[in-house]
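Topology and contacts: notes
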Amino acid sequence: MDGENQTIVTEFLLLGLSGRSEQEDILFGLFLGMYLVTIIGNLLIVLAITGDSHLHTPMYFFLANLSCVDICFSSVTIPKMLVNHILGSKSISYVECMTQIYFFITFINMDGFLLSVMAYDRYVAICCPLHYTTIMKLRLCILLVAASWVITNLHALLHTILMVQLLFCFDNTVHHFFCDPYAILKLSCSDTSINDLVVFTVGGMIFLMPFTCIILSYAYILSNVLKLPSAHGIRKALSTCGSHLTVVSLFYGTILGVYMRPSSSYSIQDTVATVIFTVVTPLVNPFIYSLRNHDMKRALRKLISYSRTRKF
């Protein structure tokens, strides 16, 4: 493209999920409600786990980290959409957009790594119960979380650096409520083949590492559970994994459908799918992990009663 036909894009326009103002008002109220529930629900889980010494175990240590990541994950995308609606604006600056992409990639991958670490924890607890305390020491737990942070940040940095090398010409309208990496790639008038290649190689590896760990962990768990002599023992073993499997299915199911293909095939329908893992998954995690968990429900009741006592 000739230089005279190019222009430097300094901002993008986030068109949101609907082009109609009356629908945007409804979506604003819906997203505001979901965001508040997400923050409060995940914060309650963190406070309940921190305040109850009985929950100072590896499983709840990872769950508290997952709740913190979910709070950050939701805060990367939703607040900007809410602020833009209040101000009557749809713009997001180029720097804000690239920053949003960096943290979006970081937290979405961190979710996956934490889910895999939690799957490994369940594998050790069910398949090696006598060695659980010696294997899942605090030092190993911290090391697993720290390594996950390093890998996800380096991966996000790689994609962001490649993204800022691209040239954006006339079209700066994003059919989304945030700067989705694929939606932004479609706007570039540069050759994005390197970006697509990195998505399928490095991105695929980052995706497959935790996903493979989850599959293998539950394959070993299932093979061991089926060897149990009683149906009660099978139900008890699987009950500890039910909540985690629900979140894994919801999270990875939508990611496989949206991101494991070329950016050129990204469509407006995919924006609806991204709402599931950017908004819905962080929202339902506190309910999935607390409603079926007696220890969490007890800790939450203790936290609520303590807060009421402090008031009076």
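Residues numbered from 1 in each chain as written. Predicted model: local features only at pLDDT ≥ 70, side-chain atom pairs only at ≥ 80, totals over all residues. Heavy atoms only, no water.

The condition that has to hold: UniProt positions are given in the numbering used here, feature names are shortened, and annotations may be inferred rather than shown by experiment.
Naming follows an unreviewed UniProt entry, where the chain appears as Olfactory receptor of Neovison vison. We quote the UniProt Function (unreviewed entry) comment for the chain here in full: "Putative odorant or sperm cell receptor."

**Let's talk about the overall build of the chain**
Test applied: Helix and strand definitions here come from DSSP, where helices need a minimum of 4 consecutive H or I residues and strands a minimum of 2 consecutive E residues; each element is numbered from the N-terminal end. Under the scheme applied here, a residue whose accessible area is under 20% of the maximum for its type counts as buried, over 50% as exposed, and between as partly exposed, the area being computed with a 1.4 Å probe on protein chains only. The contact definition used throughout considers only heavy atoms, calling two residues in contact when any of these lie within 4.5 Å. Throughout, the Shrake-Rupley method with a 1.4 Å probe supplies accessible areas, and for residues the shown protein chains are the sole cover considered.
A tally of helices and strands in the chain yields 10 helices and three strands. Written out in order from the N terminus, the α and β elements of the chain read β-α-α-β-α-α-α-β-α-α-α-α-α. The buried share of the chain, reckoned over its 312 residues, is 46%. In the chain, the share of contacts with a sequence separation of at least 24, taken over all contacts with a separation of at least 6, comes to 80%. A total accessible area of about 15,700 Å² is found for the chain, and carbon and sulfur atoms account for 68% of it.

**Comments concerning the side chain of Ser217**
Residue position: Ser217 is located in helix 7 (residues 193-225). Using a relative accessible area of 6% as the deciding quantity, one classes Ser217 as buried. Not counting residues up to four positions away in its chain, the partners in contact with Ser217 are Ala119, Tyr120 and Tyr123.

**Re the layout of surface pockets**
Inclusion rule: Grid points spaced at 1 Å and placed over the protein atoms alone form the basis of the search, with a cavity being a set where a 1.4 Å probe fits but cannot get out and a pocket an open set showing protein on both sides within 12 Å along at least five of seven lines. Lining residues have an atom within 4 Å of a point. Grid points are joined across faces, edges and corners, and a volume is the space filled by probe spheres set on the points. Just so you know the grouping, Ala, Val, Leu, Ile, Met, Phe, Trp, Tyr, Cys and Pro go in nonpolar, Asp, Glu, Lys and Arg go in charged, and all remaining residues, Gly too, go in polar.
Quantified by volume, the second largest pocket comes out at close to 220 Å³. Residue lining of the second largest pocket: 13 residues in total, with Glu24, Asn84, His85, Ser89 and Lys90 positioned closest to the centre. If you list the elements that add at least two residues to the lining of the second largest pocket, you get helix 1 (21-51) and helix 2 (58-87). For the lining of the second largest pocket, the residue count by class is six nonpolar, five polar and two charged.

**Some thoughts on the UniProt feature "transmembrane region" (unreviewed entry) in the chain**
In the numbering adopted here, UniProt assigns the feature "transmembrane region" (unreviewed entry) to residues 26-48, 60-81, 101-120, 140-168, 197-221, 242-260 and 272-291. With 100% helix and 0% strand, residues 26-48 has end C-alpha atoms that lie 33 Å from one another. Annotation note: span residues 197-221, helix share 100%, strand share 0%, distance between end C-alpha atoms 35 Å.

**What about the sheet that holds strand 3 (residues 173-174)?**
Spelled out, the test is: Here, strands pair whenever DSSP counts at least two bridges between them. Interaxial angle, 0 to 180 degrees, is taken between N-to-C directions of lines fitted to C-alpha atoms, where a helix line uses only the stretch in contact.
In space, the three strands of this open sheet follow the order 2-1-3, with mixed pairing throughout. Only two strands of the sheet have a single partner each, and these edge strands are strand 2 (91-93) and strand 3. As judged from the three bridges shared by strand 1 (residues 11-14) and strand 2, these two strands associate in the antiparallel manner. Residue pairing across strands places Phe12 opposite Ile92, the latter belonging to strand 2. Together, strand 1 and strand 2 form the strand contacts of helix 3 (residues 94-127), whose direction differs from that of strand 2 by roughly 80°.

**Here's the deal with the pairing of strand 1**
Taking every second residue as pointing to the same face, the buried face of strand 1 carries Phe12 and Leu14, while none of Glu11 and Leu13 on the other face is buried. Sheet topology places strand 1 next to strand 3; two bridges connect them, and they run parallel. The partner of Leu14 across the bridge, within strand 3, is Val174.

**So, the pattern of salt bridges**
This is how it is decided: What counts as a salt bridge is simple: a side-chain nitrogen of Lys or Arg found within 4 Å of a carboxyl oxygen of Asp or Glu.
Throughout the structure, instances matching the rule amount to three salt bridges. Of the charged contacts, one joins Arg122 and Asp121 as a salt bridge, the two residues approaching to 2.9 Å between their closest N and O atoms.

**Considering the packing of helix 5 (residues 138-164) against helix 7**
Our working rule: In these notes the angle categories are as follows: under 35 degrees is roughly parallel, over 145 is roughly antiparallel, 65 to 115 is roughly perpendicular, and the rest is oblique.
Running from N to C, helix 5 and helix 7 cross one another at 170°; their axes reach a closest spacing of 11 Å. Between helix 5 and helix 7, the angle falls in the class roughly antiparallel. Of helix 7, the residues touching helix 5 (which contributes Ile151, His155, Leu158, His159, Leu162 and Met163) are Ile194, Asn195, Val198, Val199, Val202, Gly203, Ile206 and Met209. Here the contact of helix 5 with helix 7 is built from residues that sort into 10 nonpolar, four polar and no charged.

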